[in-house]
Amino acid sequence: MSDPYFQKLFAERIGGENYGKGTAIYKFEKIKRAKRKALADYPDRQLIDFGIGENDEMAPESVRKVMAEEINKPENRGYADNGVAEFKKAAADYMKRMFGVELDAATEVNHCIGSKTALAMLPACFINPGDICLMTVPGYPVAGTHAAYYGGTVYKLPLLAENDFFPDLDGIPAEVKEKAKLLVINYPNSPTGKVATKEFYEKVVKFAKDNNLVVVQDAAHTVLTFEGEPLSFLSVPGAKDVGVEVHSLSKGFDMIGWRIGWVCGNPLLVQAFSDVKDNCDSGQFIAIQKAAAAALASEAIPKQTNAKYERRLKKLVDMLNRCGFQCKMPGGTYFLYTKSPSGVEGGPSFANAEEASQYLITEKSICTVPWDDAGAFLRFSVTYVAADEAAEDALMEETEKRLKQISLKFD
Ligand SMILES: Cc1ncc(COP(=O)(O)O)c(C=O)c1O
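Here the structure is a predicted model, which means the values were calculated and not measured.

The next subject is the overall build of the protein. Each helix and strand counted, the protein has 13 helices and 14 strands in total. Computed over the C-alpha atoms, the radius of gyration of the protein is 22 Å, within 12% of the 22 Å expected from 2.2 N^0.38 for a compact globule of 411 residues. Structurally, the protein occupies a C-alpha span of about 60 × 55 × 50 Å along its principal axes. Considering the protein as a whole, with its 411 residues, one finds that 44% of them fall into the buried category. Contacts in the protein between residues at least 24 apart in sequence constitute 72% of all its contacts with a sequence separation of at least 6.

Pasting the structure below:
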């Protein structure tokens, strides 16, 4: 079949005239295919899915109730543009209650249609061709993808176990720092589960001031903090002079599909974000903003989500340690990031985490997500579907039984 006339029109940023012709299969597609194969090969064996990266429960009933009421109000029908005051105030109140951070709701908070969209838009505020965006890896790549769309370059800061999963800011070459405009960090970190410390954030503020760059801290997982109290970047002196923090109701409030979050911090940076946003979307449905405001006002919801995923992670850590893994409780997120096995006694060796992950899914119907960006690690998510604690325990038992049928090596 000949190419359509527009084949030559695709922009270089998505592959140029070769767009759609690539044969590379990406990680998540490989996992999907392996899952399908495991189900076809072993139809009677339950697929144990630690690969899912999204909450397993609906938004709380109280939030759905507010939504049901708001959806019928005519005043909520129209374009929301950069958001309604109720949501901004609820976000500012939440920042004060959770982290002791004072924000002016009118000028220092702006909603977004999920934090993904905010991370996609923020590079438009800063990145010109040739500029550098500093980003931690492994991680959520969206800001980097968009920085590259604008002609920028991503300079990767590996999160290594030997550096306690913090980026080595001191090791960044001077010529990179000179061109760097953005530093994107994410704590609690996905996928490593590391939580930030006050000292680290203070270092980031100093680094930003010394090198004239803007900080974007992705706080999508912040409710899921198990080590110490949840910490906001903005609670550190000087942070509001250098950056913004991006929050989300997806993970901590079981509102993944509702698409609501906010950007907060320095008012001029928030304004720049809202100007770009204003040219991309017309705001989230006002009923959703009002339901989200009700969710943010609840002290119980984040506590419940946190307690559930902490409980599940503890069970997972104990079980995996009994099977030869050497893992410890993550500081935050619903992910456990643990060293990948190097092979199986009397069986295959694994060159990387991807091979280990493929083995576990094809041989044992246990789905994980491999990360090979900074060492070989497997990510286990505790967002599996289990109706109650007994179901969680049964799932752990079955996983343990299957893992003990093989003897994993970790040298
Ligand atoms: C680290 C991180 N940041 C941001 C997001 C985006 O979340 P949302 O767009 O649902 O707010 C995710 C979602 O997986 C994430 O893991």
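Read on for the rest.
The domains assigned to the protein are domain 1 (25-53 + 301-409) and domain 2 (61-298). Using only C-alpha atoms to locate each centre, domain 1 and domain 2 end up separated by 29 Å. The partner domain 2 presents 24 residues to the 20 residues of domain 1 that form the contact. Secondary structure elements with two or more residues in the side of domain 1 that touches domain 2: helix 11 (300-322) and strand 9 (335-339). Broken down by element, the side of domain 1 that touches domain 2 gets its largest block of residues, six residues, from helix 11. Its residues assigned to classes, the side of domain 1 that touches domain 2 shows 11 nonpolar, six polar and three charged.

Moving on: the site of the ligand. Contacts to the ligand come from 13 residues, most closely from Gly 114, Ser 115, Lys 116, Ser 248 and Ser 250. Its residues assigned to classes, the shell around the ligand shows three nonpolar, eight polar and two charged.

Relative to strand 4 (residues 153-158), strand 3 (residues 132-137) is paired through six bridges, and the arrangement is parallel. Residue pairing for strand 4: Cys 133 is matched across the bridge by Val 154.

Further remarks concern helix 5 (residues 142-149). Three or more residues of helix 5 are buried, namely Val 142, Ala 143, Gly 144 and Ala 147. In the core, the buried residues of helix 5 are packed alongside helix 4 (115-126), strand 3, strand 4, strand 5 (180-186) and strand 6 (214-218). Gly 151, located one to two residues past helix 5, shows a positive phi value of around 90 degrees.

This part is about the sheet that holds strand 9. Taken together, the three strands give an open sheet; going across it, the order is 9-13-12, and neighbouring strands pair in antiparallel fashion. The open sheet terminates on both sides in strands that have one partner only, identified here as strand 9 and strand 12 (369-371). Mean inter-strand twist for the sheet, computed between neighbouring axes without regard to direction, equals 30 degrees. Examined bridge by bridge, strand 12 and strand 13 (residues 377-381) share three bridges and lie antiparallel to one another. Paired with Pro 370 across the two strands is Leu 378, which belongs to strand 13.

This next bit is on the pairing of strand 13. Of all the five residues making up strand 13, five are buried; the element is thus mostly covered by neighbouring parts of the structure. The alternating pattern of strand 13 places Phe 377, Arg 379 and Ser 381 and Leu 378 and Phe 380 on opposite faces, both of which are buried. Judged from the five bridges that link them, strand 9 and strand 13 form a sheet pairing that is antiparallel. Considered in strand 13, the bridge of Tyr 337 is made with Arg 379.

Formed by 76 residues in total, the largest nonpolar core has its most connected members in Ala 91, Leu 182, Cys 264 and Ala 292. Apart from residues no more than four positions distant in its own chain, Ala 91 is found in contact with Val 109, Trp 262, Cys 264 and Leu 296. Counting residues in hydrophobic clusters, the runner-up holds 32 residues, among them Phe 335, Leu 360, Ala 376 and Leu 395.

In this section: the packing of helix 4 against helix 5. Running from N to C, helix 4 and helix 5 cross one another at 30 degrees; their axes reach a closest spacing of 7 Å. Comparing the axis directions of helix 4 and helix 5 gives the class roughly parallel. Between helix 4 and helix 5 the crossing geometry is right-handed. Counting all contacts with helix 4, which are made through Lys 116, Leu 119, Ala 120, Leu 122 and Pro 123, the residues of helix 5 involved are Val 142, Ala 143, His 146 and Ala 147.

In this section: the sheet that holds strand 8 (residues 261-265). The strand order 2-8-7-6-5-3-4 describes an open sheet built from seven strands, whose pairing is mixed. Of all strands in the sheet, those with a lone pairing partner are strand 2 (109-112) and strand 4, marking the two edges. If you compare each strand with its neighbour and ignore which way they point, the axes differ by 20 degrees on average. Here helix 3 (residues 85-99) sits on the sheet and contacts strand 2 and strand 8; the angle it forms with strand 2, its principal contact strand, is near 110 degrees. The strands that helix 5 touches are strand 3, strand 4, strand 5 and strand 6; relative to strand 3, the one it contacts most, it runs at about 155 degrees.

Turning our eyes to something else, we now look at the packing of helix 4 against helix 9 (residues 267-278). With their axes 9 Å apart at the nearest point, helix 4 and helix 9 run at an angle of 110 degrees to one another. As judged from the angle between their axes, helix 4 and helix 9 are roughly perpendicular. Residue-level inspection shows Ala 118, Met 121, Leu 122, Ala 124 and Cys 125 of helix 4 in contact with helix 9, the latter providing Ala 272, Phe 273, Val 276 and Lys 277. Considering only residue class, the contact of helix 4 with helix 9 consists of eight nonpolar, no polar and one charged.

Basis of the calculations
Residues numbered from 1 in each chain as written. Predicted model: local features only at pLDDT ≥ 70, side-chain atom pairs only at ≥ 80, totals over all residues. Helix = DSSP H or I, 4+ residues; strand = E, 2+ residues; numbered from the N terminus. Rg over C-alpha atoms; globule rule 2.2 N^0.38 Å. Buried ≥ 20, exposed ≤ 12 C-beta atoms within 10 Å, placed from the backbone. Contact = placed C-beta atoms within 7 Å. Domains from an automatic or database assignment. Nonpolar A, V, L, I, M, F, W, Y, C, P; charged D, E, K, R; others polar. Near = placed C-beta within 6 Å. Pairing = 2+ DSSP bridges. Axes fitted to C-alpha atoms, helices over the stretch in contact; angles between N-to-C directions. Core = buried A, V, L, I, M, F, W, Y, C linked by C-beta atoms within 7 Å. Parallel < 35°, antiparallel > 145°, perpendicular 65-115°, else oblique. Left-handed = near helix turned anticlockwise from the far one by under 90°.

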